Amino acid sequence: ISMEFRNLSKVYQDVISDVCHKMGVGMAEFLEKKVDSQHEWDRYCHYVAGLVGIGLSRLFSASELEDAVVGQDTELANSMGLFLQKTNIIRDYLEDQQEGREFWPREVWSRYAKKLSDLAKPENIEVAVQCLNELITNALHHVPDVLTYLARLKNQSVFNFCAIPQVMAIATLAACYNNKQVFRGVVKIRKGQAVTLMMDATNIQAVKAIMYQYVEEIYQKIPSTDPSSNKTQQIIASIRAMSLPGSSITSRHHYSPIYLSCAMLLAALSWQYLSTLSKATEDYVQAGEN
């Protein structure tokens, strides 16, 4: 790693050094405390994933593959990372509980249970799902930023690299929303579904159509008695306004099979990197607590 780092141009070294330093300081901060407020949830997710989005965006601009604004607008880049990280944290509730990790914000779950682990008890399943829906609603607030960010991208490889993990995340949230199975096992999107998303998310109009499809799926599942129903409907209305279907999804046959394979590999590596980074961070924090 050190040798490869030294082979990079200074402009890239500066970005990587800065982001890694900030990430290390941030991880150290959460060695001593748990995620309490929703603000701290955003802060934790910023350290472990938002900074990845910011660092990558700065690299895209430094390489001149993208305009300078992509790297300068850290708020949008941060949202790209937060959307993926929150999706992982929401989906991995049961696995994290079994491993002794807690990353759901206390400010939210304490309104539904005395202990976070209580949400996994069968007698608490109704309030557990309400808590789940509130967190998914929180995560959905990043989607407008995601769409704005992706609309700025010009390079096709960069677009695919960024877009595919995002559409996988919205599909995952749609599968988790109002789903009791989150507290009983693992909720994942189907492999065929994942491949379709990889093949189709090649332009902003296609991504908007995919986002629209999955927020509509969530909308159809909103219980009228859910405490967060109004907030969920409001953010879905905002996403709809940005992603109303106006054009058909661009045919994937416009791209060569080899190009698509490379794009799919990059996207898969991006998604896996964030997932692995999340797990490594959780293990590190857990080790610190012990």
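The structure presented is a predicted model; accordingly, all values stated were derived computationally and were not measured. (Residues numbered from 1 in each chain as written. Predicted model: local features only at pLDDT ≥ 70, side-chain atom pairs only at ≥ 80, totals over all residues. Heavy atoms only, no water.)

Engineer: Lay out the overall build of the protein chain with the relevant residues and their values.
Structural biologist: Scanning the protein chain for helices and strands turns up 14 helices and zero strands. When burial is assessed residue by residue, the protein chain has 50% of its 290 residues classed as buried. For the protein chain, the exposed area adds up to about 13700 Å²; of that, 54% sits on carbon and sulfur atoms. (Helix = DSSP H or I, 4+ residues; strand = E, 2+ residues; numbered from the N terminus. Buried < 20%, exposed > 50% of the residue type's maximum accessible area, 1.4 Å probe, protein only. Areas by Shrake-Rupley, 256 points an atom, 1.4 Å probe, with all protein chains shown as cover.)

Engineer: A description of helix 8 (residues 125-140) should follow, citing residues and the corresponding values.
Structural biologist: Between its first and last C-alpha, helix 8 extends 22 Å over 16 residues, near the 22 Å set by a 1.5 Å rise per residue. Buried residues dominate helix 8, accounting for 13 of its 16 residues. (Expected span 1.5 Å × (residues − 1).)

Engineer: I'd love a proper account of the packing of aromatic side chains, names of residues and values included.
Structural biologist: Working definition: an aromatic ring pair is given by the centre-to-centre distance plus the angle between the planes. Scanning the model with the defined rule gives seven aromatic pairs in all. A centroid spacing of 6.3 Å and a plane angle of 90 degrees characterise the contact between Phe-60 and Phe-161, whose relative ring orientation is edge-to-face. One end of the pair, Phe-60, is in helix 3 (residues 38-62); the other, Phe-161, is in helix 10 (residues 156-176), with 101 residues separating them in the sequence. Grouping residues by exposure puts Phe-60 and Phe-161 together as buried. Through successive ring pairs, a cluster of aromatic residues spans Phe-30, Tyr-44, Tyr-47 and Phe-103. (Phe/Tyr/Trp six-rings, centres within 6.5 Å; stacked < 30°, edge-to-face > 60°.)

Engineer: Tell me about unusual backbone geometry, and please be specific about residues and values.
Structural biologist: Positive phi, normally seen in glycine, also occurs at Glu-64, with a value near 65 degrees. Residue placement: Glu-64 occurs in the loop between helix 3 and helix 4 (68-72). If you check the backbone angles, Asn-178 has positive phi at about 55 degrees while not being a glycine. For Asn-178, the location among the structural elements is in the loop between helix 10 and helix 11 (191-200). Relative accessible area serves as the criterion here: at 29%, Asn-178 is assigned to the partly exposed category.

Engineer: Summarise the pattern of salt bridges; cite the residues concerned and give the values.
Structural biologist: Pairing between side chains of opposite charge can happen when their charged atoms approach one another. Taken as a whole, this structure holds 16 salt bridges when the rule is applied. Where Glu-29 meets Arg-43, a salt bridge forms, and the shortest distance between an N and an O atom there is 2.9 Å. Of the two residues, Glu-29 is situated in helix 2 (residues 10-29) and Arg-43 in helix 3; the sequence distance between them amounts to 14 residues. When its relative accessible area of 22% is taken as the criterion, Glu-29 is described as partly exposed. Asp-73 is the partner of Arg-152 in a salt bridge, and the nearest nitrogen-oxygen pair spans 2.9 Å. Highlighted residues: Arg-152 in helix 9 (residues 143-152) and Asp-73 in the loop between helix 4 and helix 5 (74-91), separated in sequence by 79 residues. (Salt bridge = Lys/Arg side-chain N within 4 Å of Asp/Glu carboxyl O.)

Engineer: Which residues make up the confidence of the model for the protein chain, and what values go with them?
Structural biologist: Taken residue by residue, the protein chain gives an average pLDDT of 89. The fraction at 70 or more is 84%. Throughout residues 247-263 the model reports pLDDT below 50, and contacts reaching past four residues in sequence, or to other chains, amount to 19 contacts. (pLDDT = per-residue confidence, 0-100. Contact = heavy atoms within 4.5 Å.)

Engineer: Now, about the nonpolar core: what can you tell me, with residues and values included?
Structural biologist: Note that soluble globular proteins tend to have their nonpolar side chains buried in a common cluster. By size, the foremost hydrophobic cluster in this structure holds 84 residues, and its most contacted members are Trp-104, Leu-119, Tyr-149, Leu-150 and Phe-183. Element by element, the count of residues in this core is highest for helix 10, at 14 residues. When near neighbours in sequence (up to four residues on either side) are disregarded, Trp-104 contacts Val-35, Ile-89, Ile-90, Tyr-93, Trp-109, Leu-116, Leu-119, Cys-131, Leu-132, Leu-135 and Phe-183. (Core = buried A, V, L, I, M, F, W, Y, C linked by side-chain atoms within 4.5 Å.)

Engineer: Lay out the side chain of Ser-57 in plain terms, naming residues and giving numbers.
Structural biologist: Inspection of the secondary structure assignment puts Ser-57 in helix 3. When neighbours within four sequence positions are excluded, Ser-57 is seen to be in contact with Val-70, Gly-71, Ala-77 and Tyr-149.

Engineer: Just give me the short version of the environment of Val-129, but keep the residues and values in it.
Structural biologist: You can see Val-129 is positioned in helix 8. Residue classification places Val-129 among the buried residues on the basis of a relative accessible area of 7%.

Engineer: I'd love a proper account of the packing of helix 11 against helix 12 (residues 204-220), names of residues and values included.
Structural biologist: Axis separation between helix 11 and helix 12 bottoms out at 9 Å; the angle between their running directions is 145 degrees. Every residue of helix 12 that contacts helix 11 at Gln-193, Leu-197 and Asp-200 is listed here: Ala-206, Ile-210 and Tyr-214. Here the residues of the contact of helix 11 with helix 12 sort into four nonpolar, one polar and one charged. (Axes fitted to C-alpha atoms, helices over the stretch in contact; angles between N-to-C directions. Nonpolar A, V, L, I, M, F, W, Y, C, P; charged D, E, K, R; others polar.)

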